[in-house]
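Topology and contacts: notes
Spelled out, the chains give:
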Amino acid sequence: MQSRSLVQLVNSLDHYVAFKLKATAAKKYPTSPYIGVVRPKSTRETTVRMQAPLVASDMEFKDKLLIESIIVPFGTCDKATKSSMFYKEGIYIEKQKLNVIFISPTN
């Protein structure tokens, strides 16, 4: 069984912003896309899937998602966005942590 959630990324700036989404348990939370660009004054959605826990005790989550974002040159596209962009010295990386919370669906 797999659950999924949409994460909406909002860019309120007048600049293009590249993002990278990481999870403390990456194999447990495949993300698509996990890296990309949000155009100025716009939003973008990314899907986070959760693999089913193996045992009931796994339902208590300590997992987190980390969204990193950087300003990139005007016109930067998804294909031009690389993980290495987030490791350059001297650039400011905005970081936002999200706690993972699982809510059972109601019938």
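If you're wondering where the values come from, they're calculated on a predicted model, not measured in any experiment. The numbers attached to residues start from 1 for each chain and follow its sequence in the written order. Only residues with pLDDT of 70 or above have their local features reported here, since the model is predicted, and side-chain atom pairs are shown and tallied only from 80 upward, although totals for entire chains, interfaces and linings are computed over all residues. Side-chain metrics in this entry use all non-hydrogen atoms of the structure; hydrogen atoms and water are not considered.

1. Concerning the nonpolar core
Within the largest apolar cluster, 12 residues are counted, these being V7, L9, F19, L21, A23, Y29, V38, V48, M50, L65, I67 and V100. Elements are defined by DSSP. Helices are runs of H or I of four residues or more, strands are runs of E of two residues or more, and each kind is numbered from the N terminus. For this core, the secondary-structure elements that each account for two or more residues are β1 (2-11), β2 (16-23), β5 (42-51) and β6 (64-72). Sort the elements by how many residues they give to this core and β2 lands first, with three residues. Note on terminology: a nonpolar core comprises buried Ala, Val, Leu, Ile, Met, Phe, Trp, Tyr and Cys residues joined through side-chain atoms within 4.5 Å. Relative accessibility under 20% of the residue-type maximum defines a buried residue, over 50% an exposed one, and the middle range a partly exposed one, all with a 1.4 Å probe and only protein chains included.

2. Section: the pattern of salt bridges
Only one rule defines a salt bridge in this text: a Lys or Arg side-chain nitrogen within 4 Å of an Asp or Glu carboxyl oxygen. Taken as a whole and judged by the stated rule, the model has six salt bridges. The salt bridge partner of K41 is D14, with a shortest N-O separation of 3.6 Å. Note that K41 is positioned in the loop between β4 (35-38) and β5 and D14 in the loop between β1 and β2, a separation of 27 residues in sequence. Residue class for D14 comes out exposed when judged on its relative accessible area of 61%. In this structure, the salt-bridge partner of D78 is R44, at a minimum N-O distance of 2.9 Å. Linking D78 in the loop between β6 and β7 (94-99) with R44 in strand β5, this pair joins segments that are 34 residues apart in sequence. By relative accessible area, D78 is classed as partly exposed at 35%. Look at the salt bridges and you will find they share partners, linking K20, K22, E68 and K95 into a network.

3. Structural notes on the pairing of β2
Counting buried residues along β2, seven of its eight residues qualify, which places the element largely inside the surrounding structure. In terms of strand pairing, β2 meets β6 through eight bridges, oriented antiparallel. Considered in β6, the bridge of K22 is made with L66. Both β2 and β4 contribute to a ladder of four bridges, which runs antiparallel. Bridging across to β4, A18 finds its partner in V37. At least two bridges found by DSSP between two strands is the condition for calling them paired.

4. A word on the environment of K27
Looking at the secondary structure, you find K27 in the loop between β2 and β3 (31-32). Separated by 23 residues in sequence, K27 and M50 have C-alpha atoms that sit 8.9 Å apart.

5. Describing the packing of aromatic side chains
Geometry of aromatic contacts follows a simple scheme: Phe, Tyr and Trp rings, the Trp one being its six-membered ring, pair when their centres are within 6.5 Å, and the pair is stacked under 30 degrees between planes, edge-to-face over 60, tilted otherwise. Per the counting criterion, the structure on display carries one aromatic pair. With a centroid separation of 5.1 Å and an interplanar angle of 75°, the aromatic rings of Y16 and F74 are classed as edge-to-face. Here F74 lies in the loop between β6 and β7 and Y16 lies in strand β2, a separation of 58 residues in the sequence. Judged by its relative accessible area of 8%, Y16 is buried. Assessed through its relative accessible area of 74%, F74 is described here as exposed.

6. A short note on the sheet that holds β3
The strands making up a sheet associate through backbone hydrogen bonding, with each pair oriented either parallel or antiparallel. The strand order across the open sheet built from three strands is β1-β5-β3, with neighbouring strands paired in antiparallel fashion. Two strands lie at the open edges of the sheet, namely β1 and β3, each paired on one side alone. As paired strands, β1 and β5 are joined by 10 bridges and run antiparallel to one another. The residue bridging R4 from the neighbouring strand is R49, located in β5.

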